[in-house]
Amino acid sequence: MRAVVAESFGGPEVLHLAQVPVPPLRPGEVLVRVAASGVNRADLLQREGRYPPPRGASEILGLEVSGVIDTVGEEVADWQPGDACVALLTGGGYAEYVAVPAGQVIRPPAGVDLVTASGLIEVAATVTSNLSLVGLSAGETFLAHGGTGGIGTFAIQYAVASGARVFATAGSRHKRALCRELGATDAFDYHHDWVAALRRATDRHGADVILDVMGAKYLPPNVDALAADGRLVVIGLQGGRTGTLDLGKLLAKRASVTATGLRGRPAAQKAAICAEVARTVWPLVESGRIKPATETRFPAEDAAAAHRHLASGDAVGKLILTWR
Ligand SMILES: NC(=O)c1ccc[n+]([C@@H]2O[C@H](COP(=O)([O-])OP(=O)(O)OC[C@H]3O[C@@H](n4cnc5c(N)ncnc54)[C@H](OP(=O)(O)O)[C@@H]3O)[C@@H](O)[C@H]2O)c1
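A few points on the structure. Note that this is a predicted model, so its numbers are computed, not measured. (Residues numbered from 1 in each chain as written. Predicted model: local features only at pLDDT ≥ 70, side-chain atom pairs only at ≥ 80, totals over all residues. Heavy atoms only, no water.)

1. Thoughts on the site of the ligand
As a matter of local geometry, the ligand sits amid 23 residues, with Arg41, Ile151, Lys175, Tyr190 and Tyr218 nearest to it. Between an oxygen atom of the ligand and a main-chain N or O atom of Gly149, the distance comes to 3.2 Å. Interatomic distance of 2.8 Å between a backbone N/O atom of Leu262 and an oxygen atom of the ligand. Of all the secondary structure elements, the ones that give two or more residues to the shell around the ligand are helix H3 (121-134), helix H4 (150-161) and strand E9 (165-170). (Near = heavy atom within 4 Å. Polar contact = N/O pair within 3.5 Å; in protein donor to acceptor, adjacent residues only side chain to side chain. Helix = DSSP H or I, 4+ residues; strand = E, 2+ residues; numbered from the N terminus.)

2. Some thoughts on the side chain of Asn40
Tracing the chain through its elements places Asn40 in the loop between strand E3 (29-39) and helix H1 (41-48). A polar side-chain atom of Asn40 sits 3.0 Å from a polar atom in the side chain of Glu64.

3. So, helix H6 (residues 194-201)
Those residues of H6 lying buried are Trp194, Val195, Ala197 and Leu198. Buried residues of H6 fall within an arc of 160 degrees about the axis and therefore sit on the same side. Buried residues in H6 make contact with strand E8 (141-144), E9, strand E10 (186-189), strand E11 (207-212) and helix H7 (219-225). For H6, the side-chain oxygen to backbone nitrogen distance between the N-cap and Val195 is 3.2 Å, and the N-cap itself is Asp193. (Buried < 20%, exposed > 50% of the residue type's maximum accessible area, 1.4 Å probe, protein only. Arc of directions from axis to C-beta. Contact = heavy atoms within 4.5 Å.)

4. A closer look at the packing of H1 against helix H10 (residues 303-312)
Packed helix pairs are characterised by how far apart their axes lie and by the angle those axes make with each other. At a closest axis distance of 10 Å, the pairing of H1 and H10 adopts a crossing angle of 110 degrees. Considered as vectors, H1 and H10 are oriented roughly perpendicular to each other. Pair H1 / H10 crosses with left-handed handedness. Listed contacts from H10 to Arg41, Asp43, Leu44 and Arg47 of H1 are His307, Leu310 and Ala311. Along the lines of polarity and charge, the residues of the contact of H1 with H10 split into three nonpolar, one polar and three charged. (Axes fitted to C-alpha atoms, helices over the stretch in contact; angles between N-to-C directions. Parallel < 35°, antiparallel > 145°, perpendicular 65-115°, else oblique. Left-handed = near helix turned anticlockwise from the far one by under 90°. Nonpolar A, V, L, I, M, F, W, Y, C, P; charged D, E, K, R; others polar.)

5. Thoughts on the pairing of E9
Side-chain direction in a regular strand flips from residue to residue, so the side chains alternate between the two faces of the sheet. Among the six residues in E9, five count as buried, and that is most of the element. Strand direction decides the pairing type here: E8 and E9, joined by four bridges, are parallel. Across the sheet, the residue bridging to Leu143 is Phe167, located in E9. Note on the crossover from E8 through H4 to E9: the handedness is right-handed. In the sheet, E9 pairs with E10 via four bridges, with the strands oriented parallel. When the bridges of E10 are listed, Phe167 appears paired with Asp186. Tracing the backbone out of E9, into helix H5 (residues 173-181) and back to the parallel element E10 gives a crossover that is right-handed. (Pairing = 2+ DSSP bridges. Right-handed = clockwise from strand over helix to strand, strands pointing away.)

Okay, structure coming up:
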């Protein structure tokens, strides 16, 4: 089969198509013939050698795909060859075939083009598992950093659908307008004092829940931006991993800080999250309350161009690799 491989760690130029063996199928797995592969920021880090795959995972990049079931492994009951599917992966998605535990494979939402569906499962699984962990409730105030990224576009729409009052940050006027189009009450320029802007917009209340992709750099302002009993959940470390946490402020607010990573979770947890996505998120997509993000498609042989585009900061929504 063809796969996008990297001969060494480095810039986008290390990515190229190569012939590699089809992955072996273990009991409990299905082999997916891939239609499209979602591109995630984590893929850029892995390409650079800064985000190694968990032990036992494929060295090939790619955390999500859509396609059809090619082969059903032993001990798998629910799938037939030819069934359309999307899959949440620990790796191996930039390839024509990927073997994946059957619990991490679900049907795509009805009415969504199969290529588009490749970019839904990673963001849906990440956002819903984290917002359920910190318990975002209807009526609460929610702040999503990077409101027009892959995670952000989904987080805004999902939080709005959950009945929250939603705010976001973004780096350009155009992107802030897009956040509002997605349903955010307002969006703030992260180059300026977004904590003050949030306070003004919420009559000094702040955010009950913050979904953060910046990590260390935003730890102090995020704590400042939290409301009493607020919850900060960190899922990205774009601003570094080691920061200073003012426990006094946390204590006074009875606030909490959590950080989670989806990729390293045990297969059983991923399966439970995927089942929850199918049960609770797909109906929102099917009814149009959550729309797939704006997407930019690249042929798989242009994976390097896709990585350059995501790294440029100009990308909006999801980038997708398509397989012929
Ligand atoms: N922990 C997990 O399980 C998990 C799962 C999936 C993703 N993630 C992480 O989540 C993050 C987002 O992933 P993605 O795929 O959505 O990436 P993406 O599409 O590249 O989005 C990155 C976002 O970061 C925003 N950003 C950059 N600098 C910022 C700043 N100073 N303040 C606020 N926002 C800023 C960007 O906003 P502008 O475009 O406006 O500059 C953009 O919206 C990544 O760090 C990724 O590794 C974690």
